[in-house]
Number of protein chains: 2
Amino acid sequence: MDAKEFCEFGKATLAYIADYTENLRDRNVLPSVKPGYLNELLPREAPIKGESWKEVLKDVERVIMPGVSHWNSPHFHAYFPTGNSYPAIIGEIVSAGIGCIGFSWMSSPACTELEVITMNWLGKMLNLPEEFLNCSEGPGGGVIQGSASEATLICLLAAKERSTRRLKEEHPDWNDATIKSKLVAYASDQSNSSVEKAGLLGSMTMRLLPADEKCRLRGSTLLEAMRKDEEAGLVPCYVVATLGTTGTCAYDCLDELGPICNENNVWLHVDAAYAGAALACPEFRHLMPGIKFADSFSFNPHKWMLVNFDCSALWVKNSRYLIDAANVDRVYLAHGHEDKAPDYRHWQIPLGRRFRSLKLWFVMRIYGVEGIQKYIRGSVKLARYFENLVRYDNRFEIVADVTLGLVCFRIKGDNSLTNELLERLTARRQIYVIPATYMGKTIVRFVVCSQNCEEKDVEFAWNEITTQTTEIFKSQIEASAVLEDRSIEIRTIITEKPLENLTDKLLDLEITSTVKNSPTIS
Amino acid sequence: MDAKEFCEFGKATLAYIADYTENLRDRNVLPSVKPGYLNELLPREAPIKGESWKEVLKDVERVIMPGVSHWNSPHFHAYFPTGNSYPAIIGEIVSAGIGCIGFSWMSSPACTELEVITMNWLGKMLNLPEEFLNCSEGPGGGVIQGSASEATLICLLAAKERSTRRLKEEHPDWNDATIKSKLVAYASDQSNSSVEKAGLLGSMTMRLLPADEKCRLRGSTLLEAMRKDEEAGLVPCYVVATLGTTGTCAYDCLDELGPICNENNVWLHVDAAYAGAALACPEFRHLMPGIKFADSFSFNPHKWMLVNFDCSALWVKNSRYLIDAANVDRVYLAHGHEDKAPDYRHWQIPLGRRFRSLKLWFVMRIYGVEGIQKYIRGSVKLARYFENLVRYDNRFEIVADVTLGLVCFRIKGDNSLTNELLERLTARRQIYVIPATYMGKTIVRFVVCSQNCEEKDVEFAWNEITTQTTEIFKSQIEASAVLEDRSIEIRTIITEKPLENLTDKLLDLEITSTVKNSPTIS
């Protein structure tokens, strides 16, 4: 493919993506395919001869799109949002076009330096404590990771390294294996599954402590768990506090957890994957006090800040611990710049890394801080609008405070009602919402995701929800009526011919309300 | 930014990337900036108001390009190649445009299914054993990882899980911590730094065993190390064999290592990050016998198969072990499709994942198998051409067999000569090569990287190398002449005024040949 053909192909692809994005509202948000659908549409082997790009692009619509769950659809209200925007897509093109690997300063200086600078921009926009920034005195700094999962894991490993060194000094007779087997990590039972996974992958016991009635991890709960472990000869090492939990967007009490961690040499990592973006707006900062106590802080611009996946921001107060945990320079031939620029390969799990800061740079410059704030405030406003719609309808109840873009609600009464609602909505594929559990109750999570989501989309979703709810109640009433009729019939049966065939007849009459398995949040 | 502006912005960006790619030959392959250069060119904070996209695009050339090491330049011969091609870039655009997160089948069926299919295509093209493919009976399958580092780490964790389960059955009295502290991993001292890092991050002792004189890990070396560990009460768990080492593109003896691993319940992982792509060509398969013994096999289409970073291919014979190591479904609400489609979130470290198989699909379809073979054969042919040029010049020697796209050579004689050559080449920034060490000797690694590399570029590089070598010899001859002159002078000094000030005078005359620190391979 020559340059001319590339430009034609690219132009057609951009037009396709623009059309896709602008008309996304008209597609069903969920696909209707069955597992294995694509096998029927594609050959079993790669083609021997090259094909025309036109055929390939045509096939994106023909074979791929029928199987896509449209995360950027204005009708997508599941999980938390995945970021996207036109400027980010173009940033991705430039990153791919340059195609450098920035594992050290020398391997592409601009790649490291733009990351340092944009992470400073971002940290300042979020009003993070100075110590986290590269531009401050001291060993703090920011780095782009692939995901919050990796941020949680790499910080767990750094914490492990820090504790191991300290314990070795205090107990010269303990060996590494002994020390590592004593270390314990803590998070709330509301933390994302990636936190538990970090414990598993990083070989550290991860205790998921009970959150309070507001789904927050409290200081007293942590302290009690730590004391218990210490009494058993274990050593508390790492705490992951969540700001904006996946289930209900709850905020662990950092101002209680922080001092406990700091006083006990325990690494405090803050996972603000979704909610962190809201720190760009001063009016939301009160929701998340105590960040100053953290050793590391991460949030995902690729969630709620218009940058497409992947771009997960992580800041640490002391980068030395990360480097100690991951540095394997076997032949140390310094290029002489380590003191002036970070070698980011030591700040992450993989060796290679792409030029992801370009996406951040494009988004921050083209939107500006005001543009980003406007987007976040817009999502929150729509969520409030949805909350009000729910509150006006007596059949529903709001569960957990609505603070940002997530509204948790349910149909009053038995869980089976909400379960049926979820099942119906998923089957109809008009909007996508997912369940969570709150104090034993099934709830629906409704998140404002797409940047193209408008009031009319919230109204569309609400209409879909209420219509289906009405259907549920209607069929319930009908079912009761049937039951009423049948119970007369049963009495007749019993009167006519007691006991004989009774069980069979009753089984025929059973009104089933089996809850089919629904996708769950991870 | 509306759709129209996006298309204009995109069109201008594509034209810029096309122009960059086509004229890359004219740029110095290495930048001349000093650390911190970008700080001088960019503001300290993000702009409050949004800026025009034209300003941003202009700044790519103005501030970013001066700091880029051009990995896709035909003059880039360092490291191993980073893949790139026009079809891959467009695949990236479609992936970003759709912007779905494919952590489970349900979260975007097409994302999982296209990955399954393209990994089958790829595995068949490489002639991998059937057991590795998703389309075979049994629990094997392929998955796209971010990097070979992650593939090595996730397989280490799977191996750890497998061994732990087995040992728990055999020794019900051993606890998890005891078992895990006994497990040992092995690789050659020629393996990539990411292998050692996997041991560090995965908390498993990683022994780097001595390679033979051809830089290969032999079966006898492994067996001896394993026996020694077993005698000390440890348990061999994981072996990483490299096909195509970073230093000299050597191939560990898989047909020796394989049976040892299989017989001893040791997981054998093959890291063929670079060389694996050559398996697409039947004539290179004889270089890498014994893949059938492996439990897992990984190579990077983002290295030598025209796909831009990241796209690292990993196949396992039994995916159950990966899933056991990484699965943290805390509330198991099945969506009922697990048996029919993999939930790839359990096959990797992070939870989120993008639609990377689109890149693979675009490249394989638009190039076809023949196009990919042609590209690989072309690189090998150019490397052979370079090898011949080196062999015809008596001042140089070839070190290690040239099998694919890497040529290792040095100036005959003292290491200082080759060190000076490297230093001069880096300082002149016309071509980029890096050093490695082979049997105590400094060598230059010359890799054919860019898909735009042609004979004329190889000649350009060779001309640069020989010219600088001539300069070195010339200055050496001059230095000897000076030394000759000065030694007469010294004799005069000594004769005239013995001992007095002699040391000072001699120091003045010292001919320094200090080797400055050069970047090293990672």
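Residues numbered from 1 in each chain as written. Chains lettered and ligands numbered in written order. Predicted model: local features only at pLDDT ≥ 70, side-chain atom pairs only at ≥ 80, totals over all residues. Heavy atoms only, no water.

Chain A has the name Aromatic-L-amino-acid decarboxylase in an unreviewed UniProt entry, where Neodiprion lecontei is given as its organism. Recorded in UniProt for chain A, the comment headed Sequence similarities (unreviewed entry) runs: "Belongs to the group II decarboxylase family." Check the Cofactor (unreviewed entry) section of the UniProt entry for chain A; it says "pyridoxal 5'-phosphate". (UniProt positions renumbered as here; feature names shortened; annotations may be inferred.)

Caption draft 1: Inspection of the overall build of chain A at higher detail. Regarding its fold elements, chain A presents 15 helices and 11 strands. With respect to the principal axes defined by its C-alpha atoms, chain A has extents near 95 × 70 × 50 Å. Pairs at least 24 residues apart make up 74% of the contacts formed inside chain A by residues separated by at least 6 positions. Across chain A, the mean location of the 58 positive side-chain charges is 2 Å away from that of the 68 negative side-chain charges. (Helix = DSSP H or I, 4+ residues; strand = E, 2+ residues; numbered from the N terminus. Contact = heavy atoms within 4.5 Å. Lys, Arg positive; Asp, Glu negative; His and termini not counted. Charge placed at Lys NZ, Arg CZ, Asp CG, Glu CD.)

Caption draft 2: Structural view of the interface of chain A and chain B. Each side of the interface is counted separately: chain A has 133 residues, and chain B has 133 residues. Between chain A and chain B lies a buried interface of about 11,900 Å² when both sides are counted; carbon and sulfur atoms form 69% of it. With a closest N to O distance of 2.9 Å, R365 of chain A and E51 of chain B form a salt bridge. In this structure, the connection of chain A to chain B is made through 46 residue pairs in polar contact (both at pLDDT 80 or more). It is helix α1 (residues 3-22) of chain A that contributes the most residues to the side of chain A that touches chain B, 13 residues altogether. For the side of chain A that touches chain B, the class distribution of residues is 74 nonpolar, 32 polar and 27 charged. (Buried area = accessible area lost by both parts, 1.4 Å probe. Salt bridge = Lys/Arg side-chain N within 4 Å of Asp/Glu carboxyl O. Polar contact = N/O pair within 3.5 Å; in protein donor to acceptor, adjacent residues only side chain to side chain. Nonpolar A, V, L, I, M, F, W, Y, C, P; charged D, E, K, R; others polar.)

Caption draft 3: Molecular detail of a negative patch on the surface. A grouping of D2 and E5 of chain A together with D19 and E22 of chain B is seen on the molecular surface, where their side chains present a negatively charged patch. Assignment of secondary structure puts D2 of chain A in the segment before α1. The exposure class of D2 of chain A is partly exposed, given its relative accessible area of 46%. (Patch = residues over 30% accessible without salt bridge, like charges linked within 9 Å, V, L, I, M, F, W, Y side chains within 5 Å. Areas by Shrake-Rupley, 256 points an atom, 1.4 Å probe, with all protein chains shown as cover. Buried < 20%, exposed > 50% of the residue type's maximum accessible area, 1.4 Å probe, protein only.)

Caption draft 4: Broad picture of the pairing of strand β7 (residues 312-316) of chain B. Residues and elements named next belong to chain B. Burial within β7 is extensive, with five of its five residues counted as buried. Both strand β1 (residues 141-145) and β7 contribute to a ladder of five bridges, which runs antiparallel. From the neighbouring strand, G141 faces β7, where its bridge partner is V316. Direction of pairing for strand β6 (residues 296-299) relative to β7: antiparallel, over a ladder of four bridges. (Pairing = 2+ DSSP bridges.)

Caption draft 5: Structural detail: the sheet that holds strand β8 (residues 396-398) of chain A. Residues and elements named next belong to chain A. With antiparallel pairing, four strands are arranged side by side in an open sheet as β8-β9-β11-β10. The open sheet has two free edges, formed respectively by β8 and β10 (434-438), since each of these has just one partner strand. Across this sheet, the average inter-strand angle for adjacent strands is 40°, counted without regard to direction. Pairing between β10 and strand β11 (residues 441-447): five bridges, direction antiparallel. Residue pairing for β11: I434 is matched across the bridge by R445. In the packing of helix α12 (residues 357-392) onto the sheet, contacts are made with β8, β9 (406-411) and β11, and the angle to β9 comes to roughly 15°. Packing of helix α13 (residues 415-428) onto the sheet brings it into contact with β8, β9, β10 and β11, and relative to β11 it is tilted by some 35°. (Axes fitted to C-alpha atoms, helices over the stretch in contact; angles between N-to-C directions.)

Caption draft 6: A look at the packing of helix α3 (residues 86-98) of chain A against helix α1 (residues 3-22) of chain B. α1 of chain B packs onto α3 of chain A with a crossing angle of 5° between their chain directions and a minimal axis gap of 10 Å. Looking at the two axes, α3 of chain A sits roughly parallel to α1 of chain B. The residues of α1 of chain B that touch α3 of chain A, namely those facing Y86, P87, I89, I90, I93, V94, G97 and I98 of chain A, are A3, F6, F9, G10, T13, L14, I17 and Y20 of chain B. Across the contact of α3 of chain A with α1 of chain B, the residue classes tally to 13 nonpolar, three polar and no charged. (Parallel < 35°, antiparallel > 145°, perpendicular 65-115°, else oblique.)

Caption draft 7: Representation of unusual backbone geometry in the model. Residue and element names in this part refer to chain A. At the junction of F309 and D310, the peptide bond is cis and its omega measures out at 5° in the coordinates. Not every positive phi belongs to a glycine, and Y79 is a case in point at roughly 45°. In this fold, Y79 is placed in the loop between α2 (53-64) and α3. A positive phi is found at N127, a non-glycine position, where the angle reads about 60°. If you trace the backbone, N127 turns up in the loop between α4 (109-125) and β1 (141-145).

Caption draft 8: Broad picture of the sheet that holds β1 of chain B. Residues and elements named next belong to chain B. Spatially, the seven strands line up as an open sheet ordered β1-β7-β6-β5-β4-β2-β3, and their pairing is mixed. The sheet terminates laterally at β1 and β3 (205-209), the two strands that pair on one side only. Strand-to-strand, the axes of this sheet are offset by a mean angle of 20°, without reference to chain direction. Here helix α5 (residues 148-170) sits on the sheet in contact with β1, β2 (183-188), β3, β4 (235-242), β5 (267-271), β6 and β7, set at roughly 155° to β4.

Caption draft 9: The arrangement of the nonpolar core in detail. Counting residues in hydrophobic clusters, the biggest one holds 254 residues, and the most contacted among them are F297 of chain A together with F297 of chain B. Within the second largest apolar cluster, 68 residues are counted, among which are L167 of chain A together with A158, I323 and W347 of chain B. (Core = buried A, V, L, I, M, F, W, Y, C linked by side-chain atoms within 4.5 Å.)

Caption draft 10: Summary view of the pattern of salt bridges. Across all of its chains, the model carries 70 salt bridges over all chains by this definition. The closest approach of N and O atoms between R428 of chain A and E464 of chain A, which form a salt bridge, is 2.7 Å. Of this pair, R428 of chain A sits in helix α13 while E464 of chain A sits in helix α14 (residues 455-496); the two residues are 36 residues apart in sequence, bridging distant segments of the chain. The salt bridge partner of D343 of chain B is R345 of chain B, with a shortest N-O separation of 3.5 Å. Taken individually, D343 of chain B and R345 of chain B each receive the classification buried, so the pair is uniform in this respect.

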